[in-house]
Amino acid sequence: MGVQEYYPTWWYRGMVYGYPDCCVVNFCLRGLALEKGEPQPGKFFEFRGKPTGYVMCPECAKKTRKEIIDTINSRRDPRLPRFPSHAI
Ligand SMILES: [Zn+2]
């Protein structure tokens, strides 16, 4: 099974969690790079010193933590805890 088969799931989850579209696209490309053994673009967003499941695309990695958190929470499914309190 190739990594591309996960794309719909990753896209759906990224939408629910409120991650920016650019980062979801990057996450998919990252998966592909990982599969090919190539360097992976993006950087994990850390919370309490540990990486979360959210990977910032290179552009978003330049933003402040507050900008990132505000963007994600404004897009996030309101039934979920606020990012990154229970970061996934
Ligand atoms: Zn991004």
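Residues numbered from 1 in each chain as written. Predicted model: local features only at pLDDT ≥ 70, side-chain atom pairs only at ≥ 80, totals over all residues.

Novice: With reference to specific residues and values, describe the overall build of the protein.
Specialist: What the protein contains, in helices and strands, is 3 helices and 2 strands. Shown N-terminal to C-terminal, the secondary structure of the protein runs as helices and strands in the order α-α-β-β-α. With respect to the principal axes defined by its C-alpha atoms, the protein has extents near 35 × 25 × 20 Å. If you take every contact in the protein between residues at least 6 apart in sequence, the share linking residues at least 24 apart comes to 47%. (Helix = DSSP H or I, 4+ residues; strand = E, 2+ residues; numbered from the N terminus. Contact = placed C-beta atoms within 7 Å.)

Novice: Go over the nonpolar core, please, and point to the residues and values.
Specialist: Counting residues in each nonpolar core, the largest one holds 13 residues, and the members touching the most others are Y19, C23, Y54, V55, M56, C60 and I68. Those elements that place two or more of their residues in this core are helix 2 (21-36), strand 2 (50-56) and helix 3 (65-75). (Core = buried A, V, L, I, M, F, W, Y, C linked by C-beta atoms within 7 Å. Buried ≥ 20, exposed ≤ 12 C-beta atoms within 10 Å, placed from the backbone.)

Novice: Please give an account of unusual backbone geometry that cites residues and values.
Specialist: The peptide bond linking F83 to P84 adopts the cis configuration, its omega dihedral lying at -5°. Looking at where P84 falls in the secondary structure, it is placed in the segment after helix 3. The residue R48 is not glycine, and still its phi comes out positive at about 55°. Along the chain, the position of R48 falls in the loop between strand 1 (43-47) and strand 2.

Any functional reading would require information beyond the geometric quantities listed.
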